[in-house]
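Structural description and commentary
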Amino acid sequence: MVLNRSASMSLSAELSCGHELWDRYHKGTLIALRNVGVEVNRHLSSKTFEGVMCSEQHLLISDALNRLWLEAIVRFGSERVGLAASEQLHPAQLFGLLFYRAQASMTLGDALRKISAYAETASPTETFSVVREDDCDVIGITIFGNKVSVPQARLEFGAMNLLNLCRAVASADIVPINLSFTFPKPENLSGLNEAFKCPILFGRHESSIRLRLEDTNRPLPSANPTIATLIDRILKNYQPGTREAITARVKRLLEVQLENGSITRNWVAQQMAMTERSMQRKLAADGTSYLEIRDSIRKDLAAQWRLNRKLAPSEIAYRLGFADTSSFYRAWRRWYGSTPSSDRC
């Protein structure tokens, strides 16, 4: 990869401040919102993100960003403020070190798969995945909210940023096969077709960008294995796994919440600001699954409650979220080779 003096200085700056990797995207978003007239300091500042990885306030931060986007829509007078905001920043300003890692990849597909592995670190409330299908690569986009729904403008902003990243890295006008959004079809489509240059589908279960394999398989003009290896060494320090292990996080949530009533897999995934599919994939990498963890915790809690609290089997079954008492009895026999009644103290 041939870097001009300006690009070399930018890369050097990123390498020297890798500790800011995770919040770069959010800070870039604040700059974009400020550029379209939003008074971001009334809601958030760049310091808001400091320490969030430890305090796990991701969803609160995401709600604050959602409120900013709602204000931006009012000030701009259109949902297209997301597209307007995306024009304010180069992908390097949003993705930081990940942008340079993408540039150094051998192909666009390699670049997308590499940086998707760090998406949770770069932006815990806005992640994306890359899945190869028969004739295309699908970039799935997930943005989390809590009490405030994710505005359409924020989804458009996220999708446009990913497409801008692809176009900048490939040094080509990448045109997707199609684009999907979870929100309903808006009355005003002005600006959308011009920006994405492809068919747009609405009301889908997932927001995504479908790219042709001829585009994702194309060699990148800036490919450089030496720089890629250098950046990978730095990125290893900022992988999501360097925080609390995914298995331990799921186990801790279940241990605390199972006693308070039945909870769902989707709820657990939301608490960790990730999709169910992403959580399952990460657990599989740890050699386990959500169902295995839940079953283990149910087994331990059932024994504790039965022996120490003298709770009736029907009460335990209800508290642990079993469909009925019979299901609980079958689980107990599988765990202990007997029945709860025969194991009464």
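Look above for the structure.
So, here's what we can say about the structure. (Residues numbered from 1 in each chain as written. Predicted model: local features only at pLDDT ≥ 70, side-chain atom pairs only at ≥ 80, totals over all residues. Heavy atoms only, no water.)

Focus on the sheet that holds strand E2 (residues 136–143)
The strands making up a sheet are joined through hydrogen bonds of the backbone, oriented either antiparallel or parallel. Spatially, five strands are ordered E1-E2-E5-E3-E4 in an open sheet, and the strand pairing comes out mixed. The open sheet has two edge strands with one neighbour each: strand E1 (126–132) and strand E4 (200–201). As paired elements, strand E3 (residues 178–180) and strand E5 (residues 207–212) share three bridges and run antiparallel to each other. Residue pairing in the sheet places Asn178 in a bridge with Arg210 of E5. Sheet contacts for helix H8 (residues 108–116): E1, E2 and E5; angle to E1, the most-contacted strand, approximately 135°. (Pairing = 2+ DSSP bridges. Helix = DSSP H or I, 4+ residues; strand = E, 2+ residues; numbered from the N terminus. Contact = heavy atoms within 4.5 Å. Axes fitted to C-alpha atoms, helices over the stretch in contact; angles between N-to-C directions.)

So, the packing of helix H2 (residues 24–35) against helix H10 (residues 152–170)
Their axes nearest at 13 Å, the elements H2 and H10 cross at an angle of 110°. For the element pair H2 / H10, the angle class is roughly perpendicular. Crossing angle aside, the handedness with which H2 passes H10 is right-handed. Packed against H2, whose contacting residues are Tyr25, Thr29 and Ala32, the element H10 presents Phe157, Gly158 and Asn161 at the interface. (Parallel < 35°, antiparallel > 145°, perpendicular 65-115°, else oblique. Left-handed = near helix turned anticlockwise from the far one by under 90°.)

Some points on the packing of aromatic side chains
All told, the structure shown has 12 aromatic pairs when counted by the stated rule. Between the aromatic rings of Phe328 and Trp332, the centroid separation amounts to 5.8 Å while the plane-to-plane angle is 70°, which identifies the pairing as edge-to-face. Here Phe328 and its partner Trp332 are both found in helix H19 (residues 325–336), four residues apart, which amounts to about one turn of the helix. Ring pairs connect the aromatic residues Phe322, Phe328, Tyr329, Trp332, Trp335 and Tyr336, which therefore count as one cluster. The lysine or arginine in question, Arg298, covers the ring of Phe322, its NZ or CZ lying 4.0 Å from the ring centre. Over the ring of Tyr336 we find Lys299, and its NZ or CZ is 5.5 Å from the ring centre. (Phe/Tyr/Trp six-rings, centres within 6.5 Å; stacked < 30°, edge-to-face > 60°. Lys NZ or Arg CZ within 6 Å of the ring centre and 35° of its normal.)

A short note on the packing of helix H14 (residues 246–257) against helix H16 (residues 276–285)
Between H14 and H16, whose axes approach to 9 Å, the crossing angle comes to 120°. Here H16 runs oblique to H14, going by the angle between their axes. Contacts between H14 and H16 involve Ile246, Thr247 and Val250 from the former and Met279, Lys282 and Leu283 from the latter. Looking at the contact of H14 with H16, its residues break down into four nonpolar, one polar and one charged. (Nonpolar A, V, L, I, M, F, W, Y, C, P; charged D, E, K, R; others polar.)

Examining the pattern of salt bridges
Scanning all chains against the criterion turns up 16 salt bridges. Among the salt bridges present, the one from Lys114 reaches Asp232, with a minimum N-O distance of 3.7 Å. One end of the pair, Lys114, is in helix H8; the other, Asp232, is in helix H13 (residues 225–235), with 118 residues separating them in the sequence. The partly exposed category is assigned to Lys114, whose relative accessible area is 25%. Assessed through its relative accessible area of 16%, Asp232 is described here as buried. (Salt bridge = Lys/Arg side-chain N within 4 Å of Asp/Glu carboxyl O. Buried < 20%, exposed > 50% of the residue type's maximum accessible area, 1.4 Å probe, protein only.)

A few points about H13
Of the residues making up H13, those classed as buried are Ile227, Ala228, Ile231, Asp232, Ile234 and Leu235. Burial along H13 is one-sided: seen end-on, the buried residues are contained in an arc of 160°. Along H13, exposed side chains directed more than 90 degrees from the buried face belong to Pro225, Thr226 and Arg233. Of the residues flanking the start of H13, the one acting as N-cap is Asn224, its side-chain oxygen 3.0 Å from the backbone nitrogen of Thr226. (Arc of directions from axis to C-beta. Polar contact = N/O pair within 3.5 Å; in protein donor to acceptor, adjacent residues only side chain to side chain.)

Points about unusual backbone geometry
Within the chain, Ser171 stands out as a residue other than glycine whose phi angle is a positive 55°. As for its placement among the helices and strands, Ser171 is situated in the loop between H10 and E3. We classify Ser171 as exposed; its relative accessible area is 58%. The phi dihedral of Lys197 is positive, around 60°, even though this residue is not glycine. Here Lys197 is to be found in the loop between helix H11 (192–196) and E4.

Details of H8
All of the buried residues in H8 are Leu108, Gly109, Ala111, Leu112, Ile115 and Ser116. Down the axis of H8, the smallest arc covering the buried residues is 160°, so these residues share one side.

Side note on the side chain of Asp137
Tracing the chain through its elements places Asp137 in strand E2. At a separation of 2.8 Å, a polar atom in the side chain of Asp137 contacts the side chain of Arg132. Within the structure, the side chain of Asp137 is placed 2.9 Å from the side chain of Thr216, a separation counted as a polar contact. Beyond its immediate chain neighbours, meaning those up to four positions away, Asp137 contacts Arg113, Val130, Val131, Arg132, Ile209, Arg210, Leu211, Leu213 and Thr216.

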